[in-house]
Amino acid sequence: ELSDLVNVSQAKHFHSFQHSQENDRACHMSSITENKALDLIKHQAGDFINHNKRQLVKIYPAGGRVDSSNMDPHLFWAAGCQIVAMNYQTPCDQMDLNLGRFRQNGGCGYVLKPEAIRKDYLKIDTSKA
């Protein structure tokens, strides 16, 4: 089939920001748990945002979400994560937020990130005052 000939991204394990900078290409995508991503946002937000300017990142729910509850996607969008996996079978405020965000742009499923979290020449100061 035609789809067998096309590979848009290649899964790669996330080791560190330095490892990714030195070894990964733009077509590589890392899947990171929500807990790991929250830790990266809390302790290395600037590095995470810069990483997400170069690499595809998918955030998936923590394994402890056995009730199919949803994480808050806006934290990950704000860090530039391109894909935040949601449990569509669970109606909730987080799902409403997700559906509302992607209703923009004709509901095509894609929303352009703000310039500050996609342009390399723009840096965000994530240090605490």
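Residues numbered from 1 in each chain as written. Predicted model: local features only at pLDDT ≥ 70, side-chain atom pairs only at ≥ 80, totals over all residues. Heavy atoms only, no water.

Trainee: Quick one: what's the story with the overall build of the protein chain, residue by residue and with numbers?
Mentor: A count of helices and strands for the protein chain gives 4 helices and 4 strands. Sequence-ordered secondary structure for the protein chain, helices as α and strands as β, is β-α-β-α-β-α-β-α. Relative to the globule expectation of 14 Å for 129 residues, the C-alpha radius of gyration of the protein chain, 15 Å, shows essentially globular dimensions. Considered along the principal axes of its C-alpha atoms, the protein chain spans approximately 50 × 40 × 30 Å. By the burial criterion, 31% of the 129 residues in the protein chain qualify as buried. When contacts within the protein chain are restricted to residue pairs at least 6 apart in sequence, those whose partners lie at least 24 apart make up 55%. Surface exposure of the protein chain reaches about 8400 Å², of which carbon and sulfur atoms provide 52%. Of the charged side chains in the protein chain, 15 are positive and 14 negative; the average position of the first set lies 4 Å away from that of the second. (Helix = DSSP H or I, 4+ residues; strand = E, 2+ residues; numbered from the N terminus. Rg over C-alpha atoms; globule rule 2.2 N^0.38 Å. Buried < 20%, exposed > 50% of the residue type's maximum accessible area, 1.4 Å probe, protein only. Contact = heavy atoms within 4.5 Å. Areas by Shrake-Rupley, 256 points an atom, 1.4 Å probe, with all protein chains shown as cover. Lys, Arg positive; Asp, Glu negative; His and termini not counted. Charge placed at Lys NZ, Arg CZ, Asp CG, Glu CD.)

Trainee: Go over the packing of aromatic side chains, please, and point to the residues and values.
Mentor: With the rule as written, the count across this model stands at 3 aromatic pairs. Measuring from centroid to centroid gives 5.2 Å for Phe14 and Phe17, while their planes differ by 65°, and the two rings are edge-to-face. Residues Phe17 and Phe48 carry aromatic rings whose centres are separated by 6.1 Å and whose planes lie at 45° to one another, so their mutual orientation is tilted. Of this pair, Phe17 sits in helix 1 (residues 17-23) while Phe48 is found in helix 2 (residues 34-54), placing the two residues 31 residues apart along the sequence. Residue classification places Phe17 among the buried residues on the basis of a relative accessible area of 11%. Judged by its relative accessible area of 0%, Phe48 falls in the buried class. Put simply, the rings of Phe14, Phe17 and Phe48 pair up and form one aromatic cluster. Positioned over the ring face of Trp77 is Arg101, at 4.8 Å from the centre of the ring. (Phe/Tyr/Trp six-rings, centres within 6.5 Å; stacked < 30°, edge-to-face > 60°. Lys NZ or Arg CZ within 6 Å of the ring centre and 35° of its normal.)

Shape descriptors only; they carry no functional weight alone.
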